[in-house]
Amino acid sequence: MEAPHIRPAEAEPRPATRVTVDSPERMQELGRRIAGLLRPGDLVLLTGELGAGKTTLTRGLGEGLGVRGAVTSPTFVIARVHPSLVDGPPLVHVDAYRLGGGLDEMEDLDLDVSLPDSVVVVEWGDGKVEELSDDRLHVVIARAVGHEEVLDDVREVSVTGIGARWADGRLAELAEV
């Protein structure tokens, strides 16, 4: 009988850092702050409903990384590469919304080849790209609800570091305003 696959302790998630964002500009600023923590080889998964702010956050990541080109949703092209203008890592921005399968369906994108030298951000990547790296950030963006109504511009952002790369607690500084 084969032993069950046990994930190494380094791949276990850390407690999430939670940030309340009250405008698209603040979401972009959060992206710039997260970018200051990233380095080549980092994988970032973005989760949130349509219109939650995933692309806005990624725009801030692009600004923080100093990449070329307007960061827009790659929904119809699936992936865009934004080269660095400051000798940093390129940003590979992927929208997996239209991809139904897991990593097998995404093989044509060669994300495993891009990852070591780039920062790879995958919108709608849950259940599709986690196998790319034991170390990754998982960012969940939810619309805030108050008194039984959705607060239009307010988002609750949860940033979870998974793996040894994020073990030092540096994500906590994102919650500091």
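Residues numbered from 1 in each chain as written. Predicted model: local features only at pLDDT ≥ 70, side-chain atom pairs only at ≥ 80, totals over all residues. Heavy atoms only, no water.

Chemist: Outline a negative patch on the surface, supporting the account with residue identities and numerical values.
Modeler: Negative charge collects at one region of the surface, where D22, E25, D152 and D153 lie side by side. With respect to the helices, strands and loops of the structure, D152 is situated in strand β7 (residues 149-162). The class for D152 is exposed, based on a relative accessible area of 63%. (Patch = residues over 30% accessible without salt bridge, like charges linked within 9 Å, V, L, I, M, F, W, Y side chains within 5 Å. Areas by Shrake-Rupley, 256 points an atom, 1.4 Å probe, with all protein chains shown as cover. Salt bridge = Lys/Arg side-chain N within 4 Å of Asp/Glu carboxyl O. Lys, Arg positive; Asp, Glu negative; His and termini not counted. Charge placed at Lys NZ, Arg CZ, Asp CG, Glu CD. Helix = DSSP H or I, 4+ residues; strand = E, 2+ residues; numbered from the N terminus. Buried < 20%, exposed > 50% of the residue type's maximum accessible area, 1.4 Å probe, protein only.)

Chemist: Hey, could you go over the environment of T20 for me, with residue numbers and the actual values?
Modeler: Among the structural elements, T20 can be located in strand β1 (residues 17-21). The class of T20 is exposed, set by a relative accessible area of 52%. Separated by 138 residues in sequence, T20 and S158 place their C-alpha atoms 8.8 Å apart. The contact partners of T20, leaving out residues within four places of it in the chain, are V154, R155 and E156. Within the local environment of T20, its side chain forms a polar contact with the side chain of E156, the two groups lying 2.8 Å apart. (Contact = heavy atoms within 4.5 Å. Polar contact = N/O pair within 3.5 Å; in protein donor to acceptor, adjacent residues only side chain to side chain.)

Chemist: A description of helix α2 (residues 54-65) should follow, citing residues and the corresponding values.
Modeler: Given a rise of 1.5 Å per residue, 12 residues ought to cover 16 Å, and the 16 Å separating the end C-alpha atoms of α2 matches this to within 8%. Of all 12 residues in α2, nine are buried, a share of seventy percent or more. Here α2 has its buried residues at K54, T55, T56, L57, T58, G60, L61, G62 and L65. (Expected span 1.5 Å × (residues − 1).)

Chemist: I'd like to hear about the confidence of the model for the protein chain, residue by residue, with values.
Modeler: Note: predicted coordinates in regions of low pLDDT should not be interpreted at a detailed level. Per-residue confidence for the protein chain gives a mean pLDDT of 82; residues scoring 70 or more make up 76%. Taken together, the stretch residues 1-10 has pLDDT below 50 and engages in eight contacts with residues farther than four places along the chain or on a different chain. (pLDDT = per-residue confidence, 0-100.)

Chemist: Break down the packing of aromatic side chains for me, with residues and values.
Modeler: Following the criterion strictly, the structure yields zero aromatic pairs and no others. The ring of W166 is capped by R165, whose NZ or CZ atom sits 4.2 Å from the centre of that ring. (Phe/Tyr/Trp six-rings, centres within 6.5 Å; stacked < 30°, edge-to-face > 60°. Lys NZ or Arg CZ within 6 Å of the ring centre and 35° of its normal.)

Chemist: With reference to specific residues and values, describe the environment of E173.
Modeler: Take E173: it is sitting in the segment after β7. Expressed as a C-alpha distance, the spacing of E173 and L37, which sit 136 residues apart in the sequence, is 9.9 Å. Beyond its immediate stretch of four places on either side in the chain, E173 contacts R33 and L37.

Chemist: Break down the pattern of salt bridges for me, citing the residues and quoting the values.
Modeler: Scanning all chains against the criterion turns up five salt bridges. Notably, a salt bridge pairs R165 with D42, separated by 2.7 Å at the nearest N-O pair. In this pair, R165 sits in the segment after β7 while D42 sits in the loop between α1 (24-35) and β2 (43-47), placing the two residues 123 residues apart along the sequence. When salt bridges with common partners are traced through the structure, they connect E29, R32 and E63 into a single cluster.

Chemist: Could you give an account of the side chain of K54, with specific residues and numbers?
Modeler: Relative to the helices and strands, K54 is located in helix α2. Of the buried charged residues, K54 lacks a salt bridge, with E123 as the closest side chain of opposite charge at 4.8 Å. Reaching out from K54, the side chain makes a polar contact with the backbone oxygen of E49 at a distance of 2.9 Å.

Chemist: Describe α1, naming the residues involved and giving the relevant values.
Modeler: Compared with an ideal rise of 1.5 Å per residue, which puts 12 residues at 16 Å, α1 spans 17 Å between its outermost C-alpha atoms and is within 8% of the ideal. Listed in full, the buried residues belonging to α1 are M27, Q28, L30, G31, I34 and A35. On an axial view of α1, the arc spanned by its buried residues comes to 155°, and they lie on one face. (Arc of directions from axis to C-beta.)

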